Structure formats: C-alpha cells, structure tokens
Amino acid sequence: MKFFLSQPNLDHDEFKEIKKIYNRQWLINGPVVKKFENNFKNKFHYKNATTVSSCTAGLELVLKSLDLKPKSEIIISSFNFISSGLVTLQQNLKPVFIDLKKNSFDICLDSLKKKINKNTGAIIVTHFNGYLQPINSIKKILKKYPKIKLIEDAAHVLGATDENKTYVGQKSYAAVFSFGPTKMITSAGMGGMVVSREKKLISNINELKSYGMSKSSYDRKKNAKSWVYEIKKLGNNYRMTEIQAAVGITQLKKLNYFINKRNILIKEYEKFLKNIKKINFQYSNFTTNRSVIYFVIILKNQLVRDSLAEYLREKNVGISVHWDPPLSNHYLFKKFSKKSDITNSILLAKKLITLPLHTKMTTKDVKKICKFIKNFFHEQN
Ligand SMILES: Cc1ncc(COP(=O)(O)O)c(C=O)c1O
C-alpha cells in the first residue's frame, strides 16, 4: 500500500463547473474570475482581491508595484520557500535574510530589528504550514519605519486567524495566497490571489498581470472602441483562467471541511506519536485557527531524521522535508547571508520530516504510518 504525501481533493462538483466553462467557451478575462475574486474577498473580509497565475507571480507583482530603488533591501526569512527570494532578485533588489527563534518556526524579532536600515524597502513574512508569524509584533517594530511595506507570503495559511481572531492578510500592506495542488484549496493545479487594503495596489496589479494593458478586454468590452487600450507599464501575462477560477470557487466552499478534516488527522497523528519522546510537533502562539497543510514533525537530529525518512520511503510512505536546506543556503542566495546569522534555521531544517496529510486520508492510514514510526524507534533501541 502506498501513502501519498499530499493529494488534491477534486470531485464531481469541480467537474460540473469546469464543464460549464467548456460549454460557454469563454476561457479568460471572464465573469468567473471576477466571481472568485469577490467570493474570496467577502469570505475573509478583505478590502480588495485580485487573482494571479500563482503565488510567486503575485509576490513579484506586489514587489514590482513598490517601485523601489534598485538594490533596496527586502527582508525575508532564511527558512523559506524559494518564491520571496526569487522575486526579490528578479526585481533587482537585495534579499536580506533573518533567522528563526531557537527550536521554533517563528521568525526571530531581534534578528529582524538588527537588519532594518535606511535601505530596507519591504519585509516579506512567510507563514509556515498553517500557523501565523507574529504579525502584531512585527507591525509594532515597523511603526517607526512607515515607508517599509509589510508583505505576507500566505501560501500556507488560507483561512488561518491570528491572536485577535483576524484573518491572515488583513493587517499588512498585501498578502499573497497559493492555490497549487498541495495547498488547502487548489484552482486546478495552479493559481494565486493577492489581497490588500490598498485599492491602488490592486488596480496596478490588474494592469501588470494583463501585459500592462490599461484596461483588460473584460472591462473594455462594454465600451465603444473596445479595442483601445494603453500600455504604460512593463507587465506580463500572469492571469488566472476561467476554468481555474471555477475550480477555485468550488474549492473555497469546501475550505472549512478541508481544514477540519486535516485537523482530525493531525490530532490522530499526535495521539499515536505523543509517547515517542524523540518527536516534537509544530506549535505557535500567534494563531487561534490554524490551517495546516502538511504534517511536520521535528526529530532529535539529522541522523535520526535521515534514517527515519529512508525507513518510511522503503515502506511506501510518501515523505518530504519542508525545507532543508534553508533558502539562504542555496547556491543562488549564499552570498546574501552569513551562516552565523542563520544558525537556528540551519539546525531546525536538518531535523524535519513532512508526513502524509491530505483530505483523502483516513485515520486508519494515520494509524498505519504511526505504526511504522513506532517500529523504527523500537528497532533503534
Ligand atoms: C511558502 C510558499 N510560498 C510560495 C509558494 C509558491 O506558490 P505558487 O506555486 O503558487 O507560486 C509555495 C509553494 O509551495 C510556498 O510553499
């Protein structure tokens, strides 16, 4: 029997909506994308929202919209997915890496304070796997620096709420979500959403994602001379399709079910594994409602991590590590940080394993995987 690390949950509901788009034969710049943006905005009380082709594309367009001086500094977490680092370099800006707190997934606020200077243009905070970073404390630090923009990479935290029960993304300049296949909801494999209270930012992104056209064909179609548009900005084609949006709308309706189902599985995992002293679980003080996509465990050291990973792979258990090495240790980024500045991230990364977690799993699957893990530790003793 094979246990998949992750699986999307698409059924007839999504298929029915895809078929409607096929029958309508209107594939891009249409009403379904608009509807997805509205539904998303209303569900989480965001002021403005716009779809994009991916979270990475959204982050790129947010950074581009800031119009920062070349080589301005963008503070990002060393423990990170590639997106925030990539878009920083692509915009000719300089990534400045900050560490995590010791034995924690929370970014280290002292490390953040030390890295802020007159060249800092923005901070991109990456929330990790369903739990929120200390946005309120970060905002307090930034009060003295009103020009520095706070951006959230919210790919992992759709629907999560902070200490004040506020949805992620309401307190920052902009937040960007991902609807990739392993995320809490998917818009048929790829897609993203940018939210912001700044209407101007969202209008700018609407132009940039559509080649830089002053008006999309959807908005022009009611006008006389509907072919007329201006190009003033260096845009790209980062739009979401009608099919992706149709799937996104349907998945969004199931969000609570997806979060709850994963929570049930996580509790089951924790119940079976809690007696193994060599395993720790992810934890955060800044989240009231978590929205966990992966089940991440923390082992004692790299040796145990690597042997357990190999043991589980042989048993056909899909595992991964999110993320080792930290982003700042990858070749492309090495020159932007000193190892001594990011020791906690390096240490934590070596101890992690991601175990299977998705809504098609059963508690029986969890039990079987936990049995393998127990056997592994038993054999070790
Ligand atoms: C934290 C984080 N940010 C961004 C992304 C990229 O998302 P997308 O594939 O939608 O560009 C990922 C992808 O897994 C991610 O883990």
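Residues numbered from 1 in each chain as written. Predicted model: local features only at pLDDT ≥ 70, side-chain atom pairs only at ≥ 80, totals over all residues. Heavy atoms only, no water.

Draft legend 1. Examining the overall build of the protein chain more closely. Looking only at helices and strands, one finds 13 helices and ten strands in the protein chain. Taking 2.2 N^0.38 as the reference for a compact globule, 381 residues should give roughly 21 Å; the C-alpha atoms of the protein chain span a radius of gyration of 21 Å, in line with that estimate. Along the first, second and third principal axes, the C-alpha set of the protein chain runs to 80 × 55 × 40 Å. Expressed as a percentage of its 381 residues, the buried residues of the protein chain come to 55%. Sequence separation of 24 or more characterises 74% of the internal contacts of the protein chain that already satisfy a separation of 6 or more. Total accessible area computed for the protein chain in this model is approximately 18,200 Å², and 52% of it derives from carbon and sulfur atoms. Mean positive and mean negative side-chain charge positions of the protein chain (67 and 29 charges, respectively) differ by 2 Å. (Helix = DSSP H or I, 4+ residues; strand = E, 2+ residues; numbered from the N terminus. Rg over C-alpha atoms; globule rule 2.2 N^0.38 Å. Buried < 20%, exposed > 50% of the residue type's maximum accessible area, 1.4 Å probe, protein only. Contact = heavy atoms within 4.5 Å. Areas by Shrake-Rupley, 256 points an atom, 1.4 Å probe, with all protein chains shown as cover. Lys, Arg positive; Asp, Glu negative; His and termini not counted. Charge placed at Lys NZ, Arg CZ, Asp CG, Glu CD.)

Draft legend 2. Just a positive patch on the surface, in detail. Residues Lys47, Lys139, Lys140, Lys143 and Arg197 make up a contiguous surface patch of positive charge. Among the structural elements, Lys140 can be located in helix H6 (residues 135-142). By relative accessible area, which is 67% here, Lys140 ends up exposed. (Patch = residues over 30% accessible without salt bridge, like charges linked within 9 Å, V, L, I, M, F, W, Y side chains within 5 Å. Salt bridge = Lys/Arg side-chain N within 4 Å of Asp/Glu carboxyl O.)

Draft legend 3. How the structure looks around the domain arrangement of the protein chain. Taken domain by domain, the protein chain comprises domain 1 (12-253) and domain 2 (255-380). Placing a centre on the C-alpha atoms of domain 1 and another on those of domain 2 gives a separation of 26 Å. At the junction of the two partners, domain 1 supplies 47 residues and domain 2 supplies 36 residues. Here domain 1 and domain 2 share an interface that buries about 4,000 Å² over both sides, 63% of which is from carbon and sulfur atoms. For the interface between domain 1 and domain 2, the tally reads one salt bridge. For Asp341, the salt bridge identified is with Lys115, shortest N-O distance 2.9 Å. On inspection of domain 1 and its partner domain 2, the count reaches 23 residue pairs in polar contact (both at pLDDT 80 or more). At the level of secondary structure, the elements contributing two or more residues to the side of domain 1 that touches domain 2 comprise helix H2 (31-44), helix H4 (83-90), strand E3 (94-98) and helix H9 (242-253). The leading source of residues in the side of domain 1 that touches domain 2 is E3, at four residues. When its residues are assigned to classes, the side of domain 1 that touches domain 2 shows 22 nonpolar, 13 polar and twelve charged. (Domains from an automatic or database assignment. Buried area = accessible area lost by both parts, 1.4 Å probe. Polar contact = N/O pair within 3.5 Å; in protein donor to acceptor, adjacent residues only side chain to side chain. Nonpolar A, V, L, I, M, F, W, Y, C, P; charged D, E, K, R; others polar.)

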